[in-house]
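A structural walkthrough
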Amino acid sequence: MVIEVQGVDKSFRIPEHRIDSIKERVAHPLTSMEYREHRALRNVSFDVRRGEFFGIVGRNGSGKSSLLKILASIYRQDAGRVRVAGRVAPFIELGVGFNVELTARENGVLNGVLMGLTRREALASLDAVLEFAELEDFVDLKLKNYSSGMMVRLAFAIMVQADADIMLIDEVLAVGDAAFAQKCMDVFYEKRRIGRTIVLVTHDMATVQALCHRAMVIDEGQVQYVGRPEDAAIRYYGLNFSDVEPEHAVGAGASVDVQVRVEHARLRDETGEPVEHLTAGAQIELDVVIEAARDLEAPQFLFQVRNADGLGVFEFDRRLDERVPAGQRVRLAGRIENRLVPGRYAVDCWVRQAPDGTGEVVQGLRLFHFVVDGVAPKNGVVSIWTDVEPVVEAVRVP
Amino acid sequence: MSARAEPELRDIPGPSALGGGWRRALELLYLIAVTEFRRTYFGTVFGYLWSVARPLLLFGVLLAVFTQVFRLGSEVPQYPVLLLFNIVLISFFQEATGAAVTSLVAQEGMVRKTQFPRLVIPLSVVLTSLFNLGLNLVVVFVFVLAFGVTPVWTWLLLPLVLVALIVLTIAVSMIVSSLFPRFRDMAIIWTVASTVLFYASPVLYPIEKVPGGLRDLFLLNPIAPLLELARKWVIDPGAPGPLEVVGSAWALLLPLAIYVGICALAVWLFNREAPRIAEAL
């Protein structure tokens, strides 16, 4: 066990009418300081084991970031016990402890020390940090002149190079370009391989399913589930559907129960090897096997491919006009034309059941991510074949 | 694979004023103070000269006013050197506490996203000012010698005064910095209070020139006996010490009690606020 959380409560007092100065106090002498008690975390308990990749998922405002800040010793819990083994490197709110008035070099050393390195170690790791962040040319630039993307890259690089026993990471994949997201993934795989403990807060179920050994779902400050990443993803989708799209929600009683399970989902190259990178224009070979956890009546599989901006680029629908009994597997494999521009893509699959043609959603699954290599054009989400050529035309002068 | 010793589970302390390892706290303190000191003069033409030039310029103006206009200077032995010395000492206090007020908010990024002993922030502000004080004291002693003050053994006692002044500065910095995140008036209040303290301390005048009743009031100010001691030990051995000015040892207990009270308040207040600073920002 490297993290042990027992019965943690955390409340914030949110002023209803904030009195910040004497003037306001004088102007409204009778207004008492009214606070609304916001219970961000209620009786939260869980463990993270050594070398584990642990996901925390939840909607916005579910308390997952507060929990991470308590683990990082930035907030103090009101009740409960938190125990941690080893050096912790936090990556919170898309950054580390930056002072934008200082240069990248100064911030690098300062944050290295903040993450538990000595000054000498922090200085020695600076080159590696800048190389990873690809910011060697901007080392003496003040951070206030950095773009937000550059700042995130630098922060992530510092956190990675601090090489702590435990990394606490909040939503790093939500920003940055495809290449950087891929770099983050590479780091995650590497850290996972060498047995570092990582706690990752994210909305991205594909990452959870691809990387995490276990995942926790948290909602309204309470732990809803701790266990298999696939099941956590399903519960997370369940929470989202019940809120956002009630009419498409999972049928009554079915709520977040597991209906289907992803046996495997990947892309293959021509030789049949699984791949995550494609060259632009190269055909996509899909290979997905889904297992029914309970009987499905004429299931429909709607595949959606989204780009890094979350835009649905294309979708296709396949229907199986028969009953799939529990435990049975359905294979969805075949070729897909690839007109995608270079970038990072996510593949979702919505499983629906249509006994009466209503198309009720059984379950949403984030299957996997892939990257189309190459230089993305400035505009456009697909590349379309064209036969347009410029030709100078002789104009007859009257 | 990494061959690391497996650390044991330990309760995490949560954010606090101190705690989390001395080595790291000291390294942070030094790093923040040095970067801040360098940054103040970065990009300026005269660089570190400003550190010394600022009190010297103030000194020049005040010297002109108090020797040419008010004639006070001619009645006090070694007035110019005394004035410079006092300005350098009080400037240290004013500069450090003034910067300390907003220091926790200015370092918001660090406070909100990382764990470290919160006390490091106000301490680093004092340390930055201490670098300035060090440079300025060199200039003071050049003047002291140039104006023909004879070196005496009591010069060796000066560090006592400095330590007492530094401790007071740290305590006040802790108080104002911990109050500011929740009580933003502190910045304005402290600007005014700091100016009042400047005139209510024996900087421009020696304490014995203050009329009796007012003098007792002035002596409540814990900075007053410190400046008087510095004067007696370094510049004018003939000057009355705090004891002679007050009249009795009992009366001297009062500023001492205030001094201790400020320090105790600082420790209590900062300890109370430290765990929640990240939430209040």
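Structure: see above.
All of the points below concern the structure found in this document. (Residues numbered from 1 in each chain as written. Chains lettered and ligands numbered in written order. Predicted model: local features only at pLDDT ≥ 70, side-chain atom pairs only at ≥ 80, totals over all residues.)

1. Considering the pairing of strand β8 (residues 214-219) of chain A
All names here are of chain A. To keep it simple, the criterion reads: Around each residue's C-beta, the other C-beta atoms within 10 Å are counted; 20 or more make the residue buried, 12 or fewer make it exposed, and counts in between make it partly exposed. All C-beta atoms are placed from the backbone. Secondary structure elements follow DSSP: runs of H or I no shorter than four residues count as helices, runs of E no shorter than two count as strands, and numbering proceeds from the N terminus. Should DSSP find at least two bridges between two strands, the strands are regarded as paired.
Across the six residues of β8, five count as buried, placing the element largely inside the fold. Across four bridges, the pairing between strand β3 (residues 53-57) and β8 is parallel. By the bridge assignment, Ile56 is partnered in β8 with Met216. In this structure, β8 lies alongside strand β9 (residues 222-227), joined through five bridges in antiparallel fashion.

2. Describing helix α3 (residues 79-101) of chain B
Applied cut-off: In this analysis, the expected span of each helix is defined as 1.5 Å times one less than the number of residues it contains.
The terminal C-alpha atoms of α3(B) lie 33 Å apart, and with 23 residues this matches the ideal 33 Å at 1.5 Å per residue to within 8%. In terms of burial, α3(B) is largely enclosed, as 20 of its 23 residues are buried.

3. So, the interface of chain B and chain A
Formally: Once C-beta atoms are placed from the backbone, any two residues with those atoms within 7 Å are in contact. Under the grouping applied here, Gly and all other residues not named as nonpolar or charged are polar, the nonpolar ones being Ala, Val, Leu, Ile, Met, Phe, Trp, Tyr, Cys and Pro and the charged ones Asp, Glu, Lys and Arg.
Listed by partner, the interface residues are 30 residues for chain B and 39 residues for chain A. When contributions to the side of chain B that touches chain A are tallied by element, the ones reaching two or more residues are β1 (9-11), α1 (22-41), α5 (108-113) and α13 (277-280) of chain B. Tallying contributions element by element places α1(B) first for the side of chain B that touches chain A, with six residues. Taken together, the residues of the side of chain B that touches chain A sort by class into twelve nonpolar, seven polar and eleven charged.

4. Looking at the sheet that holds β1(B)
Using the following cut-off: Whenever a helix is involved, its axis is fitted only over the stretch in contact; in every case the axis is a line through C-alpha atoms, and angles between N-to-C directions fall within 0 to 180 degrees.
With antiparallel pairing, four strands are arranged side by side in an open sheet as β2(A)-β1(A)-β4(A)-β1(B). Two strands close off the open sheet at either side, each with one partner strand: β2 (35-48) of chain A together with β1 of chain B. Strand-to-strand twist across the sheet, computed as the mean angle between neighbouring axes with direction ignored, equals 35°. Both strand β1 (residues 3-15) of chain A and β2(A) contribute to a ladder of ten bridges, which runs antiparallel. Looking at β2(A), one finds that Glu4(A) is bridged to Asp47(A).

5. Section: the environment of Gly58(A)
Residue and element names in this part refer to chain A. Mapping Gly58 onto the fold places it in the loop between β3 and α2 (64-71). When the C-alpha atoms of Gly58 and Lys191 are compared, they prove to be 24 Å apart, with 133 residues separating the residues in sequence. What Gly58 contacts, discounting residues up to four positions off in sequence, is Gly63, Lys64, Val217, Ile218 and Asp219.

6. Concerning the environment of Ala133(A)
All names here are of chain A. Among the structural elements, Ala133 can be located in helix α5 (residues 126-133). Judged by local crowding, Ala133 falls into the buried class, with 24 C-beta atoms found within 10 Å. Distance from Ala133 to Thr271, taken between C-alpha atoms, is 34 Å for residues 138 residues apart in sequence.

7. What to know about the packing of helix α2 (residues 49-69) of chain B against helix α6 (residues 120-146) of chain B
Residues and elements named next belong to chain B. Definition in use: We call two directions roughly parallel when the angle between them is under 35 degrees, roughly antiparallel when it is over 145, roughly perpendicular when it lies between 65 and 115, and oblique otherwise. Left-handed describes a crossing whose near helix is turned anticlockwise from the far helix by less than a right angle; the clockwise case is right-handed.
Across the interface, α2 lies against α6 with an axial gap of 9 Å and an inter-helix angle of 60°. Between α2 and α6, the crossing angle belongs to the class labelled oblique. Like other packed secondary-structure pairs, α2 and α6 cross with a definite hand, here right-handed. Residues Ser51, Val52, Pro55 and Leu56 of α2 lie in contact with α6, whose contacting residues are Asn132, Leu135, Asn136 and Val139. Class assignment for the residues of the contact of α2 with α6 results in five nonpolar, three polar and no charged.

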